[in-house]
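Summary of structural features
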Amino acid sequence: MAVKIRLKRMGKIRAPFYRIVVADSKTKRDGRVIEEIGKYHPTEEPSFIEIDSERAQYWLSVGAQPTEQVAALLKITGDWGKFKGDKDAKSTLKVKEPKVPFEIDASKKSVVKPKAEKKEAPAAEAPAAADAEAAEAPAADAE
């Protein structure tokens, strides 16, 4: 059986992402696979590439042939160099910078009232309204 390491397309029409899979060369592109060894998201900036290096090395060592695109990805992650015997092979993968956590600007005043203030306001109005009704009631009795 000829085994290939290739991409399995997933996602929507104009938003593709791929899984790096090991499959028989005679199966369909998105058909049955032997093992999934990674992910590739080309639409992100920079592209997201995640490959299980240990499994990729194993499949290359037992004779699995990578497609052109997968070979390019393996070169970027440094796995192809390791397989060919280059001890200095390292990843040249660009990593997305982490998001800066949101910080509240202390100089600006909040538009939303805290819950405690909201609860106090109706409670303060209710007794005032009850007092006004109580004041009117004796006046009605006097008439």
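Presented here is a report on the structure given in the accompanying data block. Please read all numbers here as calculations on a predicted model, not as lab measurements. (Residues numbered from 1 in each chain as written. Predicted model: local features only at pLDDT ≥ 70, side-chain atom pairs only at ≥ 80, totals over all residues. Heavy atoms only, no water.)

With respect to the environment of Glu 45
Along the chain, Glu 45 turns up in the loop between strand 3 (35-41) and strand 4 (48-51). The exposure class assigned to Glu 45 is exposed, which follows from its relative accessible area of 68%. The spatial distance from the C-alpha of Glu 45 to the C-alpha of Lys 96 is 7.3 Å, given a sequence separation of 51 residues. (Helix = DSSP H or I, 4+ residues; strand = E, 2+ residues; numbered from the N terminus. Buried < 20%, exposed > 50% of the residue type's maximum accessible area, 1.4 Å probe, protein only.)

Details of the side chain of Thr 27
Tracing the backbone through its elements, the reader meets Thr 27 in the loop between strand 2 (15-24) and strand 3. At 2.6 Å, the side chain of Thr 27 forms a polar contact with the side chain of Arg 6. Apart from the residues lying within four places of it in its own chain, the contact partners of Thr 27 are Arg 6 and Arg 32. (Polar contact = N/O pair within 3.5 Å; in protein donor to acceptor, adjacent residues only side chain to side chain. Contact = heavy atoms within 4.5 Å.)

Remarks on unusual backbone geometry
Cis rather than trans, the peptide bond between Glu 45 and Pro 46 has omega equal to -10°. Mapped onto the secondary structure, Pro 46 falls in the loop between strand 3 and strand 4.

Considering the packing of aromatic side chains
For the structure shown, the criterion picks out three aromatic pairs. Here the aromatic rings of Tyr 18 and Tyr 40 are separated by 6.1 Å at their centres, their planes lie at 25°, and the arrangement is stacked. Linking Tyr 18 in strand 2 with Tyr 40 in strand 3, this pair joins segments that are 22 residues apart in sequence. Here the aromatic rings of Tyr 58 and Trp 59 are separated by 5.2 Å at their centres, their planes lie at 75°, and the arrangement is edge-to-face. (Phe/Tyr/Trp six-rings, centres within 6.5 Å; stacked < 30°, edge-to-face > 60°.)

Focus: helix 2 (residues 68-77)
Within the sequence span of helix 2, burial applies to Val 70, Ala 71, Leu 73, Leu 74 and Thr 77. Down the axis of helix 2, the buried set is contained in an arc of 160°. They therefore lie on one face. Every exposed residue of helix 2 that faces more than 90 degrees away from the buried side is listed here: Glu 68 and Lys 75. Two residues or fewer after helix 2 comes Gly 78, characterised by a positive phi angle close to 90°. (Arc of directions from axis to C-beta.)

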